[in-house]
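Examination of the molecular architecture
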Amino acid sequence: MESYVERPPLPALANVVRTVWIQRTGTTPYTQRHLPTGGVELHFPLGGNPHLIGPLTGPKLELIPPNTTIIGARFHPGTPPPLPTVLDDLVDQRLSLIDLWRTSATHLAETLAQATTPEHALLSLQANLLHQFQSTAHVDPLITQAVKALMPWHPVNINKLATDLTLSPSQLRRRCLQAVGMTPKVLQRTLRFQGFLALAQAGATPTGTQGTDGTAGLAIDAGYADQAHLNRECLRLTGLTPRQLLGGTTNQCSCDHDHTASYQPFLALRRSLSLPA
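Residues numbered from 1 in each chain as written. Predicted model: local features only at pLDDT ≥ 70, side-chain atom pairs only at ≥ 80, totals over all residues. Heavy atoms only, no water.

It is worth spelling out the packing of aromatic side chains at this point. The geometry of an aromatic ring pair is captured by the separation of the ring centres together with the interplanar angle, meaning the angle of the planes. Counted under the stated rule, the structure contains four aromatic pairs. When the centroid spacing of 6.4 Å and the interplanar angle of 65° are considered together, the rings of tyrosine 263 and phenylalanine 266 count as edge-to-face. Here tyrosine 263 pairs with phenylalanine 266, and both are found in helix α11 (residues 260-272), just three residues apart, close to one helical turn. Of the two residues, tyrosine 263 and phenylalanine 266, neither departs from the other in class, the shared state being buried. When the ring centre of tryptophan 153 is taken as origin, the NZ or CZ atom of arginine 270, which lies over that ring, is 4.7 Å away. (Phe/Tyr/Trp six-rings, centres within 6.5 Å; stacked < 30°, edge-to-face > 60°. Helix = DSSP H or I, 4+ residues; strand = E, 2+ residues; numbered from the N terminus. Buried < 20%, exposed > 50% of the residue type's maximum accessible area, 1.4 Å probe, protein only. Lys NZ or Arg CZ within 6 Å of the ring centre and 35° of its normal.)

Structural data, given as structure tokens:
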């Protein structure tokens, strides 16, 4: 039976890693629909070859073989693991981590495969990432600030954001492409959709702004003009309608995965702004 268990990262990684997980497939292949999150992901099939999924601008389907266990880490936008290239070279790509990290990826994959349980393997992966981030200062602090400003709940004008960061719009665009893999505007749209999914996964009650409720109300709360606006963005980012993606419910996606840990950063920011959960 296919399963997917998500959890928060170790506290020391919380500023760079959004969530970690363990996924197991059953006796048949499983089709995984990867969605844009604004960040990159590392996937380590235990006993197999690890890979990186670059920043996505649309859905990417992957057929996972039966009887496979994968541990993974999803990063916040602008805080990828150390890589030999800028992020805009990796957009919408699935790449071998061995090609990017060489022998260090091979050694790490071997270490994780020898772990006594997937849970221990996940702890080993996080310990390795923590060591990498402690020994390599590669995160652009201005882009970290930009990402926080582009999170949903408080829409910001891109040109004003550049001014606030003492950058020109072209400088902000260039640095965002290098550190995130997409322009500030595309990232803003991606994070807005992630904000909508966070509300849906949390089973949030719409605030009733503009007299709307249900999915339409959550769309308004996430920053969309209306339900039609959400529908267009959902199709663009996922290839599905909101109803197809959520399986007709507002507490889980249609694949029955619980993404609570992944969406906590969005909900925590919303609470910090004194907005209804």
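On to the sheet that holds strand β7 (residues 69-75). As summarised here, the arrangement of the six strands in space is β1-β2-β7-β4-β5-β8, forming an open sheet in which the pairing is antiparallel. Where the open sheet ends on each side, the last strands, each with one partner, are β1 (3-7) and β8 (94-96). Going from strand to strand, the sheet's axes swing by 20° on average, the running direction of each strand aside. Where α11 meets the sheet, it contacts β1, β2 (17-24) and β7, and its direction lies at approximately 165° from that of β2. (Pairing = 2+ DSSP bridges. Axes fitted to C-alpha atoms, helices over the stretch in contact; angles between N-to-C directions. Contact = heavy atoms within 4.5 Å.)

Moving on, we get to the pairing of β7. Judged by how many residues are buried, β7 sits mostly within the fold: seven of seven residues are covered. Residues of β7 alternate between two faces, with Thr69, Ile71, Ala73 and Phe75 on one and Ile70, Gly72 and Arg74 on the opposite face, all of them buried. As judged from the seven bridges shared by β2 and β7, these two strands associate in the antiparallel manner. Residue tryptophan 21 lies in a different strand from β7, and its bridge partner there is glycine 72. Bridge analysis of strand β4 (residues 41-45) against β7 gives five bridges, and the strand direction is antiparallel. Looking across to β7, one finds that proline 45 is bridged to isoleucine 70.

Attention now moves to helix α7 (residues 184-201). In this model, α7 (18 residues) spans 25 Å end to end at C-alpha, consistent with the 26 Å of a helix rising 1.5 Å per residue. Remark: glycine 203 follows α7 within two positions and exhibits a positive phi of approximately 65°. (Expected span 1.5 Å × (residues − 1).)

So, about the pattern of salt bridges. Tallying each qualifying case throughout the model produces nine salt bridges. Note that aspartate 140 and arginine 175 form a salt bridge whose closest N and O atoms lie 3.0 Å from each other. Here aspartate 140, found in the loop between α3 (118-135) and α4 (141-150), pairs with arginine 175, found in helix α6 (residues 169-179); they are 35 residues apart in sequence, far enough to count as distant. You can call arginine 175 partly exposed: its relative accessible area is 24%. Glutamate 233 is the salt-bridge partner of arginine 189, the closest N and O atoms lying 2.8 Å from each other. Here arginine 189, found in helix α7, pairs with glutamate 233, found in helix α9 (residues 227-238); they are 44 residues apart in sequence, far enough to count as distant. One network of salt bridges, with partners in common, ties together Arg189, Arg192, Glu233 and Arg236. (Salt bridge = Lys/Arg side-chain N within 4 Å of Asp/Glu carboxyl O.)

On the secondary structure map, histidine 51 appears in strand β5 (residues 51-53). Classification of histidine 51 by relative accessible area gives buried; the value is 4%. One polar contact links histidine 51 to arginine 94, side chain to side chain, over a distance of 3.2 Å. Setting aside chain neighbours within four positions, we find histidine 51 in contact with Glu41, Leu42, His43, Glu62, Arg94, Leu95, Ser96 and Leu97. (Polar contact = N/O pair within 3.5 Å; in protein donor to acceptor, adjacent residues only side chain to side chain.)

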